[in-house]
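# Survey of secondary and tertiary structure
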Number of protein chains: 2
Amino acid sequence: MAEIAPVSGVRLAAGAAGIRYRDRDDLVLMELAEGSAVAAVFTQNAFCAAPVVVARQHLAKVAPRYLLINSGNANAGTGENGLAACVETCRLLAAATGVAMNQVLPFSTGVIGEDLPTEPFARTIPGLLSGLEEDNWQAAARAIMTTDTRPKLASRRFEVDGRMLTVTGMCKGSGMIRPDMATMLAYVATDALCDRDSLQQILEDAVAPSFNSITVDGDTSTNDACVLVASGASGMDVSNADSEAGRLYRQAVQEVCMELATAIVADGEGATKLVEIRVEEASSEAEARDVAYTVAHSPLVKTALFASDPNWGRILAAVGRAGVQGLDIDRVRIWLDDLCIVSAGGRDSGYTEEAGQAVMEKAAFSIRIALGRGEAAARILTCDLSFDYVKINAEYRT
Amino acid sequence: MAEIAPVSGVRLAAGAAGIRYRDRDDLVLMELAEGSAVAAVFTQNAFCAAPVVVARQHLAKVAPRYLLINSGNANAGTGENGLAACVETCRLLAAATGVAMNQVLPFSTGVIGEDLPTEPFARTIPGLLSGLEEDNWQAAARAIMTTDTRPKLASRRFEVDGRMLTVTGMCKGSGMIRPDMATMLAYVATDALCDRDSLQQILEDAVAPSFNSITVDGDTSTNDACVLVASGASGMDVSNADSEAGRLYRQAVQEVCMELATAIVADGEGATKLVEIRVEEASSEAEARDVAYTVAHSPLVKTALFASDPNWGRILAAVGRAGVQGLDIDRVRIWLDDLCIVSAGGRDSGYTEEAGQAVMEKAAFSIRIALGRGEAAARILTCDLSFDYVKINAEYRT
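Residues numbered from 1 in each chain as written. Chains lettered and ligands numbered in written order. Predicted model: local features only at pLDDT ≥ 70, side-chain atom pairs only at ≥ 80, totals over all residues.

### A look at the interface of chain A and chain B
Tallying the contact residues gives 51 residues for chain A and 52 residues for chain B. When contributions to the side of chain A that touches chain B are tallied by element, the ones reaching two or more residues are α2 (79-97), α8 (299-306), α9 (312-320), β13 (346-347) and α11 (387-394) of chain A. The element best represented in the side of chain A that touches chain B is α9 of chain A, accounting for eight residues. (Contact = placed C-beta atoms within 7 Å. Helix = DSSP H or I, 4+ residues; strand = E, 2+ residues; numbered from the N terminus.)

### Observations regarding the packing of helix α5 (residues 196-207) of chain B against helix α6 (residues 244-266) of chain B
All names here are of chain B. The geometry of α5 relative to α6 is characterised by a closest axis approach of 9 Å and an angle of 45° between their N-to-C directions. By the angle between their directions, the pair α5 and α6 is classed as oblique. In the packing of α5 onto α6, the handedness of the crossing is right-handed. Together, Ile-202, Asp-205, Ala-206 and Val-207 of α5 and Arg-250, Val-253, Gln-254 and Cys-257 of α6 make up the contact between the two elements. Here the contact of α5 with α6 is composed, by residue class, of five nonpolar, one polar and two charged. (Axes fitted to C-alpha atoms, helices over the stretch in contact; angles between N-to-C directions. Parallel < 35°, antiparallel > 145°, perpendicular 65-115°, else oblique. Left-handed = near helix turned anticlockwise from the far one by under 90°. Nonpolar A, V, L, I, M, F, W, Y, C, P; charged D, E, K, R; others polar.)

### Structural notes on the relation of the copies chain A and chain B
Of the two same-sequence chains, chain A is brought onto chain B (RMSD 0.1 Å, axial shift 0.0 Å) by a rotation of 180°. In symmetry terms, the pair is related by a two-fold rotation axis. Residue Phe-387 of chain A of chain A places its C-alpha closer to the rotation axis than any other residue of that unit, at 2.8 Å. Comparing interface residues between copies, 100% of those in chain A also lie at the interface in chain B; the contact surface is shared. (Least-squares fit on C-alpha atoms with pLDDT ≥ 70 in both.)

### Brief notes about the nonpolar core
In summary, soluble globular proteins display a tendency toward joint burial of nonpolar side chains. Of all hydrophobic cores here, the largest spans 284 residues; its most connected members are Val-291 of chain A together with Val-291 of chain B. Leaving out residues up to four positions away in the same chain, Val-291 of chain A has contacts with Val-279, Ala-282, Val-319, Ala-322, Val-324, Ile-369 and Leu-371 of chain A. (Core = buried A, V, L, I, M, F, W, Y, C linked by C-beta atoms within 7 Å. Buried ≥ 20, exposed ≤ 12 C-beta atoms within 10 Å, placed from the backbone.)

### What about helix α1 (residues 50-61) of chain A?
Residues and elements named next belong to chain A. Look at α1: 17 Å from first C-alpha to last across 12 residues, which is about the 16 Å you get at 1.5 Å a residue. Taken together, the buried positions of α1 are Ala-50, Pro-51, Val-52, Val-54, Ala-55 and His-58. Its buried side turned inward, α1 meets β3 (37-42), α2, β5 (104-111) and β9 (225-230). (Expected span 1.5 Å × (residues − 1).)

### Digging into the domain arrangement of chain A
All names here are of chain A. Partitioning chain A into domains gives domain 1 (10-266) and domain 2 (274-394). When each unit is reduced to the centre of its C-alpha atoms, the spacing between domain 1 and domain 2 is 33 Å. Residue-level contacts link 11 residues of domain 1 with 11 residues of domain 2. Here the residues of the side of domain 1 that touches domain 2 are counted per class, giving five nonpolar, six polar and no charged. (Domains from an automatic or database assignment.)

### What to know about the pairing of strand β1 (residues 10-15) of chain A
Residues and elements named next belong to chain A. Within β1, six of the six residues are buried, which leaves it mostly tucked inside the rest of the structure. Across six bridges, β1 lies against strand β2 (residues 27-32) in antiparallel orientation. When the bridges of β2 are listed, Leu-12 appears paired with Met-30. (Pairing = 2+ DSSP bridges.)

### A few points about α2 of chain A
A rise of 1.5 Å per residue sets the reference length of α2 of chain A, with its 19 residues, at 27 Å; its end C-alpha atoms lie 28 Å apart and thus fit the reference within 8%. All of the buried residues along α2 of chain A are Gly-79, Gly-82, Ala-85, Cys-86, Val-87, Thr-89, Cys-90, Leu-92 and Leu-93 of chain A. Among the structural elements, α1, β4 (66-73), β5 and α3 (119-130) of chain A together with β13 (346-347) of chain B are those in contact with the buried residues of α2 of chain A. Positioned one or two residues after α2 of chain A, Gly-98 of chain A has a phi angle of 85°, which is positive.

### Remarks on the sheet that holds β2 of chain A
All names here are of chain A. The sheet built from four strands is open, its strands ordered β1-β2-β4-β5 with mixed pairing. Each having just a single partner strand, β1 and β5 make up the two edges of the open sheet. On average, adjacent strands in this sheet sit at an angle of 15° to one another, irrespective of strand direction. Seen against the sheet, α2 touches β4 and β5 and runs at an angle of roughly 135° to β5.

### What about unusual backbone geometry?
In this model, Glu-281 of chain A sits at a positive phi of 55°, which is unusual for a non-glycine residue. One non-glycine residue, Asp-161 of chain B, adopts positive backbone phi at about 50°. Checked against the element boundaries, Asp-161 of chain B lands in the loop between β6 (152-160) and β7 (163-171). Owing to 9 C-beta atoms within 10 Å, Asp-161 of chain B belongs among the exposed residues under this scheme.

### With respect to the sheet that holds strand β10 (residues 274-282) of chain A
Residue and element names in this part refer to chain A. Read from one edge to the other, the open sheet built from six strands follows the order β13-β12-β11-β14-β10-β15, with strand pairing classed as mixed. Among the strands making up the open sheet, the edge pair consists of β13 and β15 (376-383). Where strand β11 (residues 333-336) lies against strand β14 (residues 364-370), four bridges are found, and the strand directions are antiparallel. Looking at the pairing, Ile-334 lines up with Ile-369 of β14. On top of the sheet, helix α7 (residues 285-297) reaches β10, β14 and β15; it is set at about 20° to β15, its chief contact. Contacts from helix α10 (residues 353-360) reach β11, β12 (339-343) and β14 within the one sheet, and its direction differs from that of β12 by about 120°.

### Some thoughts on the environment of Tyr-293 of chain A
All names here are of chain A. The residue Tyr-293 is located in helix α7 in this model. Taking the number of C-beta atoms within 10 Å as the measure of exposure, Tyr-293 has 21 and is therefore buried. Each C-alpha atom, one on Tyr-293 and one on Ala-318, is 9.5 Å from the other, the two residues being 25 residues apart in sequence. The residues touching Tyr-293, leaving out its near neighbours within four places in the chain, are Thr-215 and Ile-380.

### Re the pairing of strand β7 (residues 163-171) of chain A
Residue and element names in this part refer to chain A. Most of β7 sits out of view: seven of its nine residues are buried. The pairing of strand β6 (residues 152-160) with β7 spans nine bridges and is classified as antiparallel. Residue pairing in the sheet places Phe-158 in a bridge with Leu-165 of β7. Between β6 and the antiparallel strand that follows it, β7, lie two residues; Asp-161 among them carries a positive phi value of about 50°.

### Here we look at the confidence of the model for chain A
When pLDDT is averaged along chain A, the result is 89; 97% of the residues meet or exceed 70. Overall fold confidence (pTM) sits at 0.79, and the ipTM for the predicted complex is 0.74. (pLDDT = per-residue confidence, 0-100.)

Here you go:
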């Protein structure tokens, strides 16, 4: 991992509010310099959490100055009480800082369906405000973790016209991961100057191949959010996609999003394998994605991945049930990395179990599926299904 | 379970061919009386197995006299070799009995992607032919098992116009269970007289709410098949749906299919819970089924079921991501059996964790979801996701 560079114009603090966890930080405050542009994407789950509802409303009205993120309680499925509690946390921070209440964007992650207490916020906010530092990314990334086993950070720096720009991000996520528009809490901050419409487009372009192309268990969260901040502190305008600064900036944002998204899958609940599923020669990108997700979500494929068992029949069965109309199975080919395992409707003549197992025993490898129907392709990242996934999720609330 | 009554006109035998398993029966022969009508439904998986291809072809041409079923090797993903081996097994039986080759319907279940040896068939068929008995259902049901932990049988008898009719069925299935048109190998035999078109309609009507409404892991098999036989031995014609015989017959077939389908889910790989998911007040049956299957396939819901944890937030999150356009979450209500857990977008005011856990600790219970959108409903059966599911499927081929 590259060194995590602070972003001028963005300060962070983490504190222990005791919302759910004891003896660890669970509340993060991000302060954005005045004039920062903020773009965001949120979950498409119809049961979106109270903070998603409130953050969307606030973002539609004014430029945010603070992001307030708690782990431990998702404040989802909490009805009117949840909305009131969420607004109250924004009000507490606004009162302490003098900004308008709707300049605070709230985010929550953790258990669903329990009322969010606001007293821990009242108690912890003063300390957070006095602890704000540009160099607090590591502590913040730890404080937003739930079932994650490690903090997830990524950073890129690049020079353009003699000025240095920085893109640094953090995220959390391990289970309930199949982002629909974004993923479980990701924050990418930059010191670039950017108009908000351009920034939103840059974020959406970066999210599509990264956070929107990963799955751990197919469960889309109620709280997903991904935020991109341009503090403007560098004075370098990146709005124009055709400028060198604009081009390098987009590339850096995409790289950071991809690195963070990959880190989520690699830290998927109980995961022991990181697997890229690439579907090619599809008649449309939607078809390619359907096939990729069908393979990625198959419990039988996922347990075979866990066992390092090149049981390609399960991959083939998943491709076969993916709903592709008129699929000609004789044209389908499947590879593990560069090893062809299926051709002409059955096991490839050059395939051996030993060679298949050698690939499957790697910590990271790809499954490539060519459908023989067209030119479209899709790529997603997933992981295996292990004993520990069941253990983690059977014991989460106890 | 009701007693398993033999069916006049249908004889069975089971034998140990050693195709995959040692020291147990793995090959079943069913002989159908001349003049029997046979209806069948097969998997919709594009990668359907060689025996599915061959059975469909044979069934289209003549009335079958024999069903030949092996467990241990699915003969799927085996290309031209698989088709040739399958045809050869039919030819062997035809040569030994004097029927035409295409009067044999072949069925296979077991590991995918390995060539099917035909020599075990040649060796075992003579013993099977000499062992045919009407009273061999129990032995046959054991011989078709793979990861099943128990044989699955169901039987109904009823009297009409002074004559007794019998409907008896067996099936196997435990993993790779989300039947699309049928399920993994089910055979229902009756001594009724019925024309083939009526019989096919009766079968399809019975399969829709039974085998086509269950899921263990969402994986549709390459080998699914369900067969309904009317031997005609009773002389009682049931073709007419409006006659008393026709009505009682349809009801008996439906009951047998439902009992067998329920047995598959109850014996789902690693399953400890049998859970009915009922979605009501949907705007269409397809919508109701989408929601039901989204909940049933959610690994987070399934692990909560395993843990007896009334983590209703996971159910709510699954409903929310089921793709229902314009879902008004304030109208959604969810019950565990008769206990309301969710209303008005959050936890029902009368709900307690203790009451929720009391339901979840039962071996069988229902999750009922009302969407508040219309009149349509759907009902499916599923099971939980346990350590043993992972263990069984991580170790299946070793």
